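Each chain, letter by letter, is given below.
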Amino acid sequence: GLYLALRISGLAGLAFTVLGGTGILGLILGLGLKNSFEDYAASILLSIKKPFRPSDWVKIGEYEGIVQKVTSRSTLIIDFAGNHILLPNSIVYKSIVTNMTANPKMRCDFVFGLDYNDSIEEAQKLVLELLGKSNIVLKDPEPWVLVDALAGSAVNIRVYFWLNAREVSIFKVSSHILLDVKNLLLLIFLLFLQPSL
């Protein structure tokens, strides 16, 4: 409108200057605010899709941690070393997001080795009983104790069990169960050795 008014007034040169300046200014502002607009648009799309919420354990691209907050421009997560990672929402929206706590049931597993002379079936039965007595290990899906590999000096047994990741720390519980299995197997080993001593 300003351009047309100046042109009609006979100020064509000034009209071209105003138009050119406005165009350049618009281009500079557009490029300068491009990332901000992308982040705002991404935050709206993230609020619609809701791939995670605060306190969820997520992996966003190469970053993994607990979501602290989501603002209109960025998402803050804290990794397991305690580092604060501030990710622009445009990057979050474009990245592959893995939400480990969207389904509260999380599978954990660990491996232990048994001597080839040990009774694999007995060990499987005892470890399953141990997991069945735990109040923390979920009954559904049921835990498994399976032969994983025939290694050079041992038979590797893999134990699978499920936890509610929203209620317990999977790292602490896994460590506790691993220690219980180790103590159980040590006790069995000592009981079998005792008659020969």
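Residues numbered from 1 in each chain as written. Predicted model: local features only at pLDDT ≥ 70, side-chain atom pairs only at ≥ 80, totals over all residues. Heavy atoms only, no water.

## Some thoughts on the packing of aromatic side chains
Keep this limit in mind: Only centres within 6.5 Å qualify two rings of Phe, Tyr or Trp (six-membered ring in Trp) as a pair; their planes then separate them into stacked at under 30 degrees, edge-to-face at over 60, and tilted for everything else. For the purposes of this entry, the term helix denotes a DSSP run of H or I that reaches at least four residues, the term strand denotes a run of E that reaches at least two, and both are numbered from the N terminus.
Inspection of the entire model under this criterion finds five aromatic pairs. Ring geometry for phenylalanine 80 versus phenylalanine 171: centroids 5.9 Å apart, planes at 75 degrees, classification edge-to-face. Here the residue phenylalanine 80 occupies a position in the loop between strand S3 (74-78) and strand S4 (84-88), and phenylalanine 171 occupies one in helix H6 (residues 170-193), the gap between them amounting to 91 residues. Among the aromatic residues, ring-to-ring pairing joins Trp57, Phe80 and Phe171 into one connected group.

## Thoughts on the nonpolar core
Heads up, the condition is: Nonpolar cores were defined as sets of buried Ala, Val, Leu, Ile, Met, Phe, Trp, Tyr and Cys residues, with membership established by side-chain atoms within 4.5 Å. Note on exposure labels: buried denotes an accessible area under 20% of the residue type's maximum, exposed denotes more than 50%, and partly exposed covers the range between, all computed with a 1.4 Å probe on protein chains only.
Membership of the largest hydrophobic core comes to 25 residues, with the highest contact counts inside it found for Phe112, Val127, Val159, Phe161 and Ile177. Broken down by secondary-structure element, the contributors of at least two residues to this core are strand S6 (105-114), helix H5 (120-133), strand S8 (155-164) and H6. Among the elements that line this core, the one with the most residues is H6, at six residues. Membership of the second largest hydrophobic core comes to nine residues, among which are Val58, Ile77, Ile85 and Val92.

## What about the sheet that holds strand S2 (residues 63-70)?
Put simply, the rule reads: A pair of strands counts as paired when DSSP detects no fewer than two bridges linking them. To obtain an axis, a line is fitted to C-alpha atoms, over the contacting stretch when the element is a helix, and the angle between two such axes runs from 0 to 180 degrees between their N-to-C directions.
Sheet architecture is open: five strands sit in the order S4-S3-S2-S1-S5, paired in antiparallel fashion. Strand pairing shows two members of the sheet lacking a second neighbour, S4 and strand S5 (97-99), which therefore form its edges. Adjacent strand axes in the sheet meet at a mean angle of 40 degrees, parallel and antiparallel pairs treated alike. Pairing geometry for S2 and S3, over four bridges, is antiparallel. Paired with valine 70 across the bridge in S3 is threonine 75.

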